[in-house]
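One-letter residues, chain by chain:
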Amino acid sequence: KVNRECCSPYYGVLVRTDELERKENFDKLVTGLKAFSREIEKNGDGLGFLGGGRLSNTDIALMPWAFRYYIFEHYRGYAVPIDNPELHAYKEWFEFVFSLDSVKRTLPDKERYLEHIGKYADSSARSKVANAVRRGVAAHEIEDEKDTY
């Protein structure tokens, strides 16, 4: 669910050239983050991770994408409304996981990542994901026969 709602729309925001489609993907992503936030409130026990005091697969799946959301503001002018009350638990989760030394050591330099991801933002990237999104499907709906690079 997190992949479909919080990770896959990332590429729709970046790769789609139609502003309405970009905004729809961004809104879908924020809706997914609100659902994630509700799950943290319901299951997280306030101990940092979705699974309470233990790191879950869902936390691991979302972390790299959540870190990258800053690129939306740079390339598209969209910012995750982190101060929205519906995202309170997500905000606490974000601050907690990205304060961990074990996570910080794995993060790319933000400026270098902005340069790298620019190929997606200007729609020049040639990858299976970019090709799938350009043909109008979500990033998680890649078809090897159709989305070659």
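Presented here is an overview of the structure given in this document. (Residues numbered from 1 in each chain as written. Predicted model: local features only at pLDDT ≥ 70, side-chain atom pairs only at ≥ 80, totals over all residues. Heavy atoms only, no water.)

## With respect to the packing of helix α3 (residues 57-68) against helix α5 (residues 88-97)
Next up, step 1: Put simply, α3 and α5 touch, their axes get as near as 11 Å, and they point 90° apart. In terms of orientation, α3 lies roughly perpendicular with respect to α5. Contacts between α3 and α5 involve D59, L62, M63, A66 and F67 from the first element and Y90, W93, F94 and V97 from the second.
Next up, step 2: Residue classes in the contact of α3 with α5 are distributed as 8 nonpolar, no polar and 1 charged. (Axes fitted to C-alpha atoms, helices over the stretch in contact; angles between N-to-C directions. Helix = DSSP H or I, 4+ residues; strand = E, 2+ residues; numbered from the N terminus. Parallel < 35°, antiparallel > 145°, perpendicular 65-115°, else oblique. Contact = heavy atoms within 4.5 Å. Nonpolar A, V, L, I, M, F, W, Y, C, P; charged D, E, K, R; others polar.)

## Describing the pattern of salt bridges
Two side chains carrying opposite charge are able to pair once their charged atoms lie near each other.
Next up, step 1: In this structure the tally under the stated criterion is 9 salt bridges.
Next up, step 2: Where D83 meets K91, a salt bridge forms, and the shortest distance between an N and an O atom there is 2.9 Å.
Next up, step 3: Residue classification places K91 among the partly exposed residues on the basis of a relative accessible area of 25%.
Next up, step 4: Here K146 and E143 are joined by a salt bridge, their closest N and O atoms 3.6 Å apart. (Salt bridge = Lys/Arg side-chain N within 4 Å of Asp/Glu carboxyl O. Buried < 20%, exposed > 50% of the residue type's maximum accessible area, 1.4 Å probe, protein only.)

## Describing the nonpolar core
Next up, step 1: Counting 41 residues, the largest nonpolar core has Y10, L62, Y69 and Y90 as its most contacted members.
Next up, step 2: Of all the secondary structure elements, the ones that give two or more residues to this core are α1 (2-15), α2 (19-43), α3, α4 (70-76), α5, α7 (110-121) and α8 (128-134).
Next up, step 3: Here this core gets 8 residues from one element, more than from any other, and that element is α1.
Next up, step 4: In this view, Y90 contacts L33, F36, S37, I40, L62, A66, Y69, V80 and I82; residues no more than four positions away in its chain are not counted. (Core = buried A, V, L, I, M, F, W, Y, C linked by side-chain atoms within 4.5 Å.)

## Section: the packing of α1 against α7
Next up, step 1: Axis separation between α1 and α7 bottoms out at 8 Å; the angle between their running directions is 75°. As summarised for this structure, α1 and α7 are arranged roughly perpendicular, according to the angle between their axes. Two secondary-structure elements touch here, α1 through Y10, Y11, L14 and V15 and α7 through Y113, I117, Y120 and A121.
Next up, step 2: Considering only residue class, the contact of α1 with α7 consists of 8 nonpolar, no polar and no charged.

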